[in-house]
Amino acid sequence: PTDQTQRPPQRAASETLTPPFATPLTTEPPLQALGEGRERLEGRLKVQGQARYAAEFKPDDMLFGVVVNATVPHGRITAIQTDEAKQSPGVVAVYTHLDGLKINPGTPFSSGGSAAATYVPLQSDVVRWNGQHIALVVAETLEQATEAATQVKVEYAPEPALINPQDPQARPEPVEALDVEWGDAHRAMADAPVRVHGVYSTPREYNSPIELHGCIAQWQDDLLTVWEPSQWVGGARHNIAEWFGLGIDQVRVISPYVGGGFGSKGAPHGHVALACLATRALGRPVKVVLTRPQTFTGYGGRPRTRQAISLGATPEGRLLSIVHDSWNETSIEDTHQEPCNSVTPLMYGTEHFFSRHRLVRVHTVNPGWMRAPGENPSTYALEIAMDELAEALELDPLELRRRNWTEQDQAEKVPWTSRRLREAYTAAAEAFGWAQRNPEPRSMRHGRELIGWGMASGTYPVHTTPGEARIIIDRQGQIEVQSSGADIGTGTYTILAQTAAEVLGVPSSDIRVSLGDTALPRAPVAGGSQLANLLTAAVHKTAGAAREMLLGLAVTEPDSPLFGASRDTAILAGGEVRANGQSIAFADLLKLADRDQLVVHQDTFKPDANEKDRDTADQTASMMESTKGAHSWCAHFVEVAVDEDFGTVRVKRVVSAFDCGRLYNPTLAKSQWLGGIVMGIGQALLEEGMIDARDGRILNANLADYLMAVNADIPEIQVINVGEPDYQASTLGGKTVGEVGIVGVAAAVSNAVYHATGKRIRELPITLDKLI
Ligand code: MCN
Ligand code: MOS
């Protein structure tokens, strides 16, 4: 929907025609430096099918692995028959737990590692979820492996399973680290003149990137190479080395392009361990790609959540107290936290606050990161509760939010580094026409359709972990920027070229960027929307050092036309160093200096960081650093139309405004926001993993039945930037962009549906059965 983002401006016809010759002639191509909206560097490759994704590499002599999954939610495997499969044409091996092939457990994020879970397949006869990997069939072709996988016969001794987190046997466990409280919230709630209380729930949701999770593993000469779509090759390498007891330098993970991940490619999953195990045993490269149904059980999506929120306020609409209790489901043996109270303490000023978040263990694959884990459900509940409070107070929902402005992060007691949320409210409300809203539910209609207007706001924190970068300038004047950091469709390639362009005075289209390979400089995860800030900072610093070297050479090389010139008068432009009307091309400078290349390596670690610190940042999520008081902010305004007879909901338009600090590339940032909003509309109206209450099977484990928003579901979306550079939040002034777009969208849609219908739906997705 990128063409629909801006409403066509109402202009006189004469104004709209700008003849091409009106474009000013420039002597040099535009730099397209940071802040400019250049197109994606690798976009053309992708649409032409030239970008090679992990599973598209073709090492010689490759075998194909197909994973076999458990069909019970809990129990033991009492017999597993592989003879028939082994005799099937083309089959090279069938691996089960009976083969005694050891894989070490992973150290999960929560314990300072880089694994999504401790769980690894084939280590015992125990089954803990329906869909768990229990065998790998390896054959000469994919078809042969697929056929043979159907011939593996399994018998189980089933045991009672906890499927539903609301089962009386399932006990919520406290997570003390997530407790947030100040004041005396329960007492203040009891005394509050106006109170609202609601219970809000979200279903199982799945990341479902278009590129399936699939890898190729190749064990050769004591080196394990894994082509794996990854948001974090450094973490993946560490995780794989840990599984097989290898040194870090024995593993290389390659991931130049990623067809979406949305959190699910933050770590390698069980099938990667199986591919590595098979290549080690067989000495040939092995490719394992999960089928689409297997992506619903081969790793986890967003867990089910349930939240009870009470808001207490004065009759004038000043919050007095917030009480928030929540839980998320997780697996029996592993832990995924979806902290539903991550946003509740941040948005509004209140003297009293109390929240607890708990975990409920059920027989499921361990849930995982999915765009704004925590912030997403947290905002969903809080922002509907605020709408309910506005209703109780007979106050405009936007006005209620304005009245509860807070100048600081109350839990941390630090002021915001920047918070242009009021500007976001105003800009989006004006563009939407919010002032025309009739507050009465069911008061607006268009034919048979009830029209509703709703709004919500949200936030996402700024993480700024340190990183490294390398820049190489060669004798041809070619400039290459290197980092192992990922571009998962976000724009990393492009913004790093723009960063180097700015400092080196070379058009960004002339700069090569290499990413997504552990052979390149270390970088943390493309998660928590942190990569743009941290890698632009690292590349900026590296390019600055390269610039100094070029200037130095230009004024000190005896044969340079700039010899003896003052460094301060020299500039870089057009691939040259220039001073006093003289110039020398970078390439010529290297020739004069008799250098094949200039290699510059810099990082943004604290000066006293040692190699271990650098490795840690590359390999563990625990290094994620956040800047206190630094957050992105957003406000969404949504119009829905609800068919009164059928209860079908259509989102008619969305206007959202964002404060994400400085935008490195407004075109790509806008695209990120749009993607988040689209995903939020799917979450509001469509997405729901259906779980069979009897056996924990995912009933809609495919893209025909697990509904996500498609083009026809998406209306006109207008996004407005109200951010300004925030140099306290990050080195180059940017804040987080990748996830904030989805935050609050489902609440805004829910509030609009209430306004249209007078029905308060506190459970996602908002399907027609809930409305009629
Ligand atoms: N950007 C910008 N100005 C800023 C910050 C970012 O212009 N101040 C733009 C840049 O184009 C940058 C992009 O926004 O490449 C995202 O930057 P950032 O917010 O730092 O996010 P990451 O690079 O760390 O990407 C990860 C983030 C996460 S955590 C999820 S989940 C998510 C998301 O990005 N998954 C995505 N967006 C996604 N987009 C696509 N296409 N596919 C996914 O899987
Ligand atoms: Mo994003 S869910 O932090 O990878």
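A. Representation of the sheet that holds strand β5 (residues 133-139) within the structure. Taken together, seven strands build an open sheet; the order of strands is β3-β5-β1-β13-β10-β11-β12 and the sheet is mixed. Strands at the two margins of the open sheet, each flanked by one partner only, are β3 (91-95) and β12 (251-254). Taken pair by pair, the neighbouring strands of this sheet meet at an average axis angle of 20°, ignoring direction. Summarising the sheet, strand β1 (residues 63-69) and strand β13 (residues 286-289) pair through three bridges and their orientation is parallel. Residue pairing across strands places Phe64 opposite Lys287, the latter belonging to β13. Sitting on the sheet, helix α6 (residues 233-244) touches β11 (223-227) and β12, and the angle it makes with β12 is about 140°. Each of β1, β3, β5, β10 (214-220), β11 and β13 touches helix α7 (residues 270-282); the most contacted strand, β10, lies at about 30° to it.

B. Quick peek at the pattern of salt bridges. Taken as a whole and judged by the stated rule, the model has 44 salt bridges. Note that Arg284 and Glu140 form a salt bridge whose closest N and O atoms lie 2.9 Å from each other. Taken together, the residues Arg284 in the loop between α7 and β13 and Glu140 in the loop between β5 and α4 (142-149) connect sequence positions 144 residues apart. By relative accessible area, Glu140 is classed as partly exposed at 35%. Note that Glu329 is salt-bridged to Arg204, the shortest N-O span being 2.6 Å. Placement of the pair is Glu329 in strand β15 (residues 319-331) and Arg204 in the loop between β9 (194-202) and β10, with a sequence separation of 125 residues.

C. Up close: the sheet that holds strand β2 (residues 75-81). One open sheet accounts for three strands, arranged β4-β2-β6; its pairing is antiparallel. The open sheet terminates on both sides in strands that have one partner only, identified here as β4 (126-127) and β6 (153-158). Judged from the two bridges that link them, β2 and β4 form a sheet pairing that is antiparallel. Along β4, the bridge assignment pairs Arg76 with Val126.

D. Region of the structure containing the packing of helix α11 (residues 492-504) against helix α12 (residues 531-556). Closest axis-to-axis distance for the α11/α12 pair is 8 Å, and the angle between their directions is 30°. Overall, the two elements α11 and α12 adopt an arrangement that is roughly parallel. Judged by the sense of rotation from one axis to the other, the crossing of α11 with α12 is right-handed. For the pair formed by α11 and α12, the contact residues are Thr492, Ile495, Leu496, Thr499, Ala500, Glu502, Val503 and Leu504 on the first element and Leu531, Ala532, Leu535, Thr536, Val539, His540, Ala543, Gly544, Ala546, Arg547 and Leu550 on the second. Tallied by class, residues from the contact of α11 with α12 come to twelve nonpolar, five polar and two charged.

Parameters and conventions
- Residues numbered from 1 in each chain as written.
- Chains lettered and ligands numbered in written order.
- Predicted model: local features only at pLDDT ≥ 70, side-chain atom pairs only at ≥ 80, totals over all residues.
- Heavy atoms only, no water.
- Pairing = 2+ DSSP bridges.
- Helix = DSSP H or I, 4+ residues; strand = E, 2+ residues; numbered from the N terminus.
- Axes fitted to C-alpha atoms, helices over the stretch in contact; angles between N-to-C directions.
- Contact = heavy atoms within 4.5 Å.
- Salt bridge = Lys/Arg side-chain N within 4 Å of Asp/Glu carboxyl O.
- Buried < 20%, exposed > 50% of the residue type's maximum accessible area, 1.4 Å probe, protein only.
- Parallel < 35°, antiparallel > 145°, perpendicular 65-115°, else oblique.
- Left-handed = near helix turned anticlockwise from the far one by under 90°.
- Nonpolar A, V, L, I, M, F, W, Y, C, P; charged D, E, K, R; others polar.

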